[in-house]
Each structure stands twice: as C-alpha cells, then as structure tokens.
Amino acid sequence: MEPTPASVPAPVVPRNEEPFEPAETMTPAAGALDIPVYGYRVINAFPHDPNAWTQGLIFEDGQLYEGTGLRGRSSLRRVDLESGRVGQMVEIPEPYFGEGITEFDDRLFQLSWQESTGFVYEQESLKLLETFTYATEGWGLTQDGQQLIMSDGTPTLHFLDPDSLEVVDQVTVTFAGAPVSRLNELEYIEGEIFANVWQTNVIVRIDPDSGEVIGVIDLSGLLDPEEIDQPAGVLNGIAYDDENDRLYVTGKLWPKLFEIELIPEAE
C-alpha cells in the first residue's frame, strides 16, 4: 500500500495483517497446484508521470483516469494515454490519502486509505458530488456492472450498493485454501477480479463468487531499472479497455505505463 522511496515516510503495515507468505512464491506454487500462471508480452509503452503515486487506474469511454496517493499529493486525474499528460486534475486535501477509483453510471468513486471516507464525482466535470463513509481502510476499488467492489488490505472483498454505498456482500479471497491479504488495486475483467498483491510483482485473478484465486500473473521485470530516474515504488495499477480488449498496468512513481498481453506460462 505505502512502500516508499527515501523521500516519503517508511512503509506502514495495515492493522495486524501479516504478509501473505506464499506471495513471493505464488507463481511456482500455482503451477504445482494446476492454477494457471501467466507471463506477459509488452505491446506498447506510454509515458507516465513519475511523480504519481498510483493507487487506482481505469480506462473508461476512451479516457484514462488515475487516482494517486500520499498525503498532500493525492489526486484524481484524467490522463491522455498516448502522451501521459494530465488533462484535468482534482487535488485531494490533507489529511486524505487517496486510494482506488472506479466508474459507475457516469460517476467516479475514489477511496481514501485510513480516513474511512470516499468521494463521488461527476465523471465529465470531475465535480465533487458527495462523500461517503465505510468501516474499514480503503485500498482498491472496481465494479462488476451491478456493485462496487472494495479491498481493504485484508483477505476480504466488500461489495457495495453503488447508490446507497452500503456493504451488501463480502467474500474472502483464498489461494489453495489460505487467505490472501494485501489485495490492493482492483480491476473487474470479463467476470474475474484482477488484484495487485501489495509489495509483489503478482496480480491474482479471483473468482468473485467463491473468492478463490483462479490464476496468477507474474509481471517481474516489467520496468527496466535503467529507465528509472528516481526510486520507483511497487507495481500497482490495472486498467482494462473492454471495447478493444486492451490491458494496461503501471506502478507507483513509474515513468511508464504498459499495454500488455498475457501469455500462459506453458507458452
């Protein structure tokens, strides 16, 4: 969630959650359990603001939207994919630490980390419409066409009614029966939930009904260290262009955003 370079505060482990120990070995473990494992092929690389602490990323109506974090640096942005330039930005004031974003019914929703407060914006203007509260921390956010889906750093995913913003359902995410914590940025893709596992190069593919991890994506080596001009953070940010079947990923303080194609490990 908040692994940081030297210029910002040290990482904070949320609540009493311990790291999910198999995360670093999840790829070989998945293969041994006949859970599909995927590598990647880079299709395109686009400029990305290297000062953006990426917390949420979506592609909607031909536009890229990004939510960024860190107190005093949090924002919601409309970004030009090709150039990486910010076309419009709403700054999130302190003490809020911006988190995941999603779109539903011409509204943009954004979480905050420890402040238990979410923001709802008009998608076209980015005008703030209302705020809402929740009982947990806020990490990642996506939607399945009917409900918002929120992660909070624990193995629990919360399903929210997009109008009342009340929790209507929950599911526990498991990998081979073990709870998976540190689920960060989320994206709903063709009936599955894709989730970054914080502080790893792993994205897990989750069955939203059972919570079971049904696939593992290893994005190790995606960002070339020679392209980094400041200490970069971890992988975080998944966006899907469903009209053109394009998958985009980036990371905190990364200078690039990538369009990738997933490749089964067997290939």
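Because the structure is predicted, anything quoted here is derived from the model rather than measured.

A large share of strand E3 (residues 63-68) lies buried, amounting to five of its six residues. With six bridges connecting them, strand E2 (residues 54-60) and E3 associate as antiparallel partners. Directly across from Ile58, in E3, lies its bridge partner Tyr65. Hairpin connection, E2 to E3: the antiparallel pair is bridged by two residues, and Asp61 has positive phi, about 55°. When E3 meets strand E4 (residues 75-79), the two strands line up antiparallel, connected through five bridges. The partner of Tyr65 across the bridge, within E4, is Arg78.

Any empty space left between the atoms is revealed when a probe the size of a water molecule rolls over them. According to the stated counting rule, one finds one cavity of 30 Å³ or more in the structure shown. Roughly 50 Å³ of internal volume is contained in the largest cavity. In terms of lining residues, the largest cavity is bounded by Pro47, His48, Asp49, Leu64, Glu66, Arg77, Val79, Gly84, Val86 and Leu257.

Right, let's talk about a negative patch on the surface for a bit. A contiguous patch of negative charge, built from Asp61, Asp105, Asp106, Glu122, Glu124, Glu190, Asp242, Glu243 and Asp245, is present on the exposed surface. Turning to its location among the elements, Asp61 is positioned in the loop between E2 and E3.

Another point: the environment of Thr250. One can find Thr250 in strand E21 (residues 246-251). Residue classification places Thr250 among the buried positions, given a relative accessible area of 0%. In sequence terms Thr250 and Thr54 are 196 residues apart; their C-alpha atoms lie 7.8 Å from each other. In this structure Thr250 touches His48, Thr54, Leu57, Leu235, Asn236, Gly237, Lys256 and Leu257, once residues within four positions along its chain are discounted. Within the structure, Thr250 has its side chain in polar contact with the backbone oxygen of Lys256 (distance 2.9 Å).

What follows concerns the side chain of His48. Along the chain, His48 falls in the loop between strand E1 (37-47) and E2. At a separation of 3.3 Å, a polar atom in the side chain of His48 contacts the side chain of Thr54. Excluding its chain neighbours within four sequence positions, the residues that come into contact with His48 are Thr54, Glu66, Thr250, Gly251, Trp254, Pro255, Lys256 and Leu257.

On to the pattern of salt bridges. All told, the structure shown has five salt bridges when counted by the stated rule. The closest approach of N and O atoms between Arg41 and Glu261, which form a salt bridge, is 2.8 Å. Of the two residues, Arg41 is situated in strand E1 and Glu261 in strand E22 (residues 256-264); the sequence distance between them amounts to 220 residues. Notably, a salt bridge pairs Arg71 with Glu115, separated by 2.8 Å at the nearest N-O pair.

Thresholds applied
Residues numbered from 1 in each chain as written. Predicted model: local features only at pLDDT ≥ 70, side-chain atom pairs only at ≥ 80, totals over all residues. Heavy atoms only, no water. Buried < 20%, exposed > 50% of the residue type's maximum accessible area, 1.4 Å probe, protein only. Helix = DSSP H or I, 4+ residues; strand = E, 2+ residues; numbered from the N terminus. Pairing = 2+ DSSP bridges. 1 Å grid on protein atoms, 1.4 Å probe; cavity = no way out; pocket = protein on both sides within 12 Å on 5 of 7 lines; lining within 4 Å. Points joined across faces, edges and corners; volume = space filled by probe spheres on them. Patch = residues over 30% accessible without salt bridge, like charges linked within 9 Å, V, L, I, M, F, W, Y side chains within 5 Å. Areas by Shrake-Rupley, 256 points an atom, 1.4 Å probe, with all protein chains shown as cover. Salt bridge = Lys/Arg side-chain N within 4 Å of Asp/Glu carboxyl O. Lys, Arg positive; Asp, Glu negative; His and termini not counted. Charge placed at Lys NZ, Arg CZ, Asp CG, Glu CD. Contact = heavy atoms within 4.5 Å. Polar contact = N/O pair within 3.5 Å; in protein donor to acceptor, adjacent residues only side chain to side chain.

Everything listed is a geometric property; what it means functionally is a separate question.
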